[in-house]
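# Reading the structure
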Amino acid sequence: MELAGRTALVTGASSGIGAAIAEGLAARGMTVGICARRADRLAEVLERCQQHAPDSRMWVMDLSQLDDLPTFAMHADDELGGIDLLVNNAGIPKRRLATALRWDEIDHVMAVNYLSPVRLTLTLLPRMLERGRGAIYNIGSVAARMSPAGETAYSASKAALTAFAEGLAIELWDTEVTVHVLHPGIIETELFIHPDNDESYADDVEPLPPSAVVDTLVAQVETGQFEAYLPEWFADVASGKAANLQGYLAGAAEYWRIKRAERGEAV
Ligand SMILES: NC(=O)c1ccc[n+]([C@@H]2O[C@H](COP(=O)([O-])OP(=O)(O)OC[C@H]3O[C@@H](n4cnc5c(N)ncnc54)[C@H](OP(=O)(O)O)[C@@H]3O)[C@@H](O)[C@H]2O)c1
């Protein structure tokens, strides 16, 4: 799908990757709708989007309030005159050993990272199909494919989103609506300074700027490519894991042992 002249709804656009995507899409000629909880940060992003796309708008929304999402999505669709591209970007980290996870943390990460994008997608999809065009773009994570130690709840939420997107892509294969997943590695954002999270073990991957995501998104949506990794070499790690899961798990356990030893944690 060509993007210029079309509309997009970008969730979680008050900072980081979502803000970069919203601004990048506006600069490429799309009218964007953005949402998140922090009104002040959202307003700053909106101002930058409106310099390119004056009809862009914002909604302050808590996406963990799942029952509100169908009404919100329909409203946003009406206001934007039909959403052509839904970017399911909003998400929260959960860096916590499985043995220390609380039930409410698992539920919350699942609500924000999995259930909320699914509700938005399934609300907007019938209208996209009716209009005969649309793209559903999901920000996954390499964690969905790598299942790193210390992030089980987060990885599971992103794996669920990825599996949902894969099945949906198959169901929509013969329609005009495309489905996509991007798996970022480490992007320099506030995700790594969220309170109520342990320190990340993934401290030896070179971080990329949030703007790096935009070109990949545009290329995927324009070509119809389902999946991409950023940086691209993570695709090789994912295929290596698929080819030898037992070996991958043993190697990942060794890596984690080394990381804990470096930090002086019990091994
Ligand atoms: N940074 C990375 O290295 C990396 C790697 C892989 C995947 N990702 C994924 O990329 C996406 C964006 O994260 P980021 O790195 O850009 O971090 P971020 O700067 O913390 O952005 C997260 C965004 O999600 C929004 N959000 C969180 N909870 C929300 C809620 N309940 N309702 C509405 N909006 C909510 C936040 O807005 P408010 O706080 O204003 O609500 C914010 O705009 C996430 O899905 C994350 O899992 C990031």
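I will try to describe carefully the structure that is included in this document. (Residues numbered from 1 in each chain as written. Predicted model: local features only at pLDDT ≥ 70, side-chain atom pairs only at ≥ 80, totals over all residues. Heavy atoms only, no water.)

Okay, the site of the ligand next. In the neighbourhood of the ligand, 32 residues make up the surrounding shell, with Arg37, Asn89, Tyr154, Ile187 and Thr189 lying closest. A distance of 2.9 Å is found between an oxygen atom of the ligand and a backbone nitrogen or oxygen belonging to Gly12. Within the side chain of Thr189, a nitrogen or oxygen atom sits 2.6 Å from an oxygen atom of the ligand. Against a free-state accessible area of 870 Å², the protein chains account for coverage of 98% of the ligand. Of all the elements in the fold, those that place two or more residues in the shell around the ligand are helix 1 (16–27) and helix 6 (152–171). Residue composition of the shell around the ligand, by class: 15 nonpolar, 12 polar and five charged. (Near = heavy atom within 4 Å. Polar contact = N/O pair within 3.5 Å; in protein donor to acceptor, adjacent residues only side chain to side chain. Areas by Shrake-Rupley, 256 points an atom, 1.4 Å probe, with all protein chains shown as cover. Helix = DSSP H or I, 4+ residues; strand = E, 2+ residues; numbered from the N terminus. Nonpolar A, V, L, I, M, F, W, Y, C, P; charged D, E, K, R; others polar.)

Strand order across the open sheet formed by seven strands is 3-2-1-4-5-6-7, with parallel pairing between neighbours. Edge positions in the sheet fall to strand 3 (57–60) and strand 7 (227–230), since each has one partner strand and no second. The mean inter-strand angle of the sheet, taken between neighbouring strand axes irrespective of direction, is 15°. Both strand 1 (residues 7–11) and strand 2 (residues 31–36) contribute to a ladder of five bridges, which runs parallel. Each residue of the ladder has a partner; that of Thr7, found in strand 2, is Thr31. Across the sheet, helix 2 (residues 39–50) lies against strand 2 and strand 3, angled at about 170° from strand 3, the strand it touches most. Each of strand 1, strand 2 and strand 3 is contacted by helix 3 (residues 69–80), which is oriented at about 165° to strand 3, the strand it contacts most. (Pairing = 2+ DSSP bridges. Axes fitted to C-alpha atoms, helices over the stretch in contact; angles between N-to-C directions. Contact = heavy atoms within 4.5 Å.)

Closest axis-to-axis distance for the helix 1/helix 7 (residues 212–223) pair is 9 Å, and the angle between their directions is 60°. Compared by their axis directions, helix 1 and helix 7 come out oblique. For the crossing formed where helix 1 meets helix 7, the hand is right-handed. Here Ile17, Ala20, Ile21, Gly24 and Leu25 of helix 1 come into contact with helix 7, specifically with Val213, Val214, Leu217 and Val218. (Parallel < 35°, antiparallel > 145°, perpendicular 65-115°, else oblique. Left-handed = near helix turned anticlockwise from the far one by under 90°.)

A full pass over the atoms with the stated rule returns 23 salt bridges. Residue Arg127 is joined to Asp78 by a salt bridge in which the shortest nitrogen-to-oxygen separation is 3.0 Å. Of this pair, Arg127 sits in helix 4 (residues 103–131) while Asp78 sits in helix 3; the two residues are 49 residues apart in sequence, bridging distant segments of the chain. A salt bridge links Arg145 to Glu227; its shortest N-O distance comes to 2.6 Å. Of the two residues, Arg145 is situated in helix 5 (residues 142–146) and Glu227 in strand 7; the sequence distance between them amounts to 82 residues. With relative accessibility at 21%, the residue Arg145 sits in the partly exposed group. (Salt bridge = Lys/Arg side-chain N within 4 Å of Asp/Glu carboxyl O. Buried < 20%, exposed > 50% of the residue type's maximum accessible area, 1.4 Å probe, protein only.)

A few words on the nonpolar core. One finds Ile21, Leu25, Ile34, Leu85 and Leu217 to be the most contacted residues of the largest nonpolar core, which totals 34 residues. Elements represented by at least two residues in this core include exactly strand 1, helix 1, strand 2, helix 2, strand 4 (85–88), strand 5 (134–139), helix 7 and strand 7. Judged by nonpolar contacts, the second largest core, of 28 residues, contains Cys35, Leu69, Ala90 and Met128. (Core = buried A, V, L, I, M, F, W, Y, C linked by side-chain atoms within 4.5 Å.)

For the rest of this paragraph, the subject is unusual backbone geometry. Cis geometry is found at the peptide bond from Leu230 to Pro231, where omega equals -5°. Mapping Pro231 onto the fold places it in the loop between strand 7 and helix 8 (234–243). Phi angles above zero are rare outside glycine, and Ser147 is one such case at about 45°. Of note, Ser147 is situated in the loop between helix 5 and helix 6. With a relative accessible area of 46%, Ser147 lands in the partly exposed category. The backbone of Asp196 sits at a positive phi, close to 65°, despite the residue not being glycine. Looking at where Asp196 falls in the secondary structure, it is placed in the loop between strand 6 (177–184) and helix 7.

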